[in-house]
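Observations on chain architecture
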Amino acid sequence: NYIRVLRLAKVVRSVRMLRLARFLTIFNKLHAVSLAFARCRSMLVCAMLCLCLVVFVFAVFFTNAVADYVSDASSSDPHVADMHLFFGSLFMAMLTLFMAISGGLDWWSICQLLLPVGVVYVVVFLLFIAIMVLAVLNVINAIFVNDAVDATQHDLDLRSQAEMSENKVMLRRLIHIFQDMEKDRRDQVNLDAFVRYMESPEMRMQLSLLGLHFCDGVALFRFLDVDRTSSLTIDQFVMGCLRLKGEAILIDMDVEIKQARDMLMDIQHTLLAMLAERRNTAVSKDGEDCMALSKLSSVRSLPQRFDF
């Protein structure tokens with residue numbers, strides 16, 4: 001019994017180790033597929049009902065036409081046997097039409113059966129194929145794809161993995177861009193080199209692919225230069241670009257907000273300095289008034305001291 005308990009504990013521990021598999025890339029793909037299947041169950045039922053309804057309407061039309069032709073045809077007609085096979089009942093007609101749109105039957109075989117019935121029925125059959133292939137099936141595929149994408153986007157694990165992968169790619173790209181800019185400048189980039197490199201059409205296109213859009217290189221440099229040293233380090237450049245990634249506002253708006261905030265801080269410091277100066281002036285003036293009053297009182301007391 002003790003050995004069985006140990007074996008069971010090992011099995012449970014091995015099963016718990018399978019949780020690490022969720023960090024594998026192939027597991028993420030399988031997880032996304034399973035979520036898509038689970039999300040599309042109700043949509044699959046609705047799509048099948050819609051498909052069956054359209055096929056049913058056309059099957060009734062073709063079944064009536066073939067039944068009228070078979071009732072008037074002679075026994076030596078070579079098409080009667082095939083018509084009984086493919087359109088002998090409503091179920092067989094629906095099955096024939098479904099196989100025609102899903103690749104189970106050749107269109108020309110069905111057209112050969114419908115040509116003796118009438119050219120109009122061949123045209124209607126081709127219209128059915130066009131409606132199903134170009135409209136109904138494409139709409140159903142689009143709905144399935146949309147639901148699958150929504151299912152993967154609302155999953156926290158998949159979103160976090162995708163965000164981490166995207167950030168890693170962007171981080172490597174930003175480091176490569178900064179290394180191309182700084183070259184022999186001791187891991188720092190000044191304003192002139194930054195603007196000359198970043199405002200090139202090729203670099204603008206690369207940054208736009210990374211999700212960074214800007215109109216003025218000088219404004220971008222001022223925004224990234226948080227310590228106001230007129231030079232950028234690799235940490236300032238990379239972290240600033242990562243912070244700007246994915247925001248709904250433009251970089252220039254961020255720059256204006258930052259400049260307005262700095263201006264308000266400067267105004268606040270100036271007002272505080274002026275208030276402190278006026279307070280010191282008032283205190284010194286009050287001290288001088290007190291000294292003058294004390295001197296005046298001492299002068300008034302002199303005649304009393306020397307009065308005989």
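Residues numbered from 1 in each chain as written. Predicted model: local features only at pLDDT ≥ 70, side-chain atom pairs only at ≥ 80, totals over all residues. Heavy atoms only, no water.

A look at the environment of D225
With respect to the helices and strands, the residue D225 is situated in the loop between α11 (217–224) and β2 (231–233). Along the sequence, D225 and L191 sit 34 residues apart, while their C-alpha atoms lie 9.7 Å from each other. (Helix = DSSP H or I, 4+ residues; strand = E, 2+ residues; numbered from the N terminus.)

A closer look at the UniProt feature "transmembrane region" (unreviewed entry) in the protein chain
Mapped onto this structure's residue numbering, the UniProt feature "transmembrane region" (unreviewed entry) falls at residues 44–63, 83–101 and 113–137. In the segment residues 113–137, helix accounts for 84% and strand for 0%; the C-alpha atoms at its two ends are 25 Å apart. (UniProt positions renumbered as here; feature names shortened; annotations may be inferred.)

Things to note about the packing of helix α4 (residues 80–87) against helix α5 (residues 90–102)
Between α4 and α5, whose axes approach to 6 Å, the crossing angle comes to 85°. Relative to α5, the element α4 lies roughly perpendicular. Here L85, F86 and F87 of α4 come into contact with α5, specifically with M92, A93 and T96. In the contact of α4 with α5, the residues fall into five nonpolar, one polar and no charged. (Axes fitted to C-alpha atoms, helices over the stretch in contact; angles between N-to-C directions. Parallel < 35°, antiparallel > 145°, perpendicular 65-115°, else oblique. Contact = heavy atoms within 4.5 Å. Nonpolar A, V, L, I, M, F, W, Y, C, P; charged D, E, K, R; others polar.)

Some points on the confidence of the model for the protein chain
Chain-level pLDDT for the protein chain is 76 on average; 72% of the residues reach the 70-or-more range. Looking across the protein chain, the model is least confident in helix α14 (residues 302–305), with a mean pLDDT of 47, and most confident in α5, with 91. With pLDDT under 50 throughout, residues 304–308 is counted as low confidence; its partners more than four residues away or in other chains account for zero contacts. (pLDDT = per-residue confidence, 0-100.)

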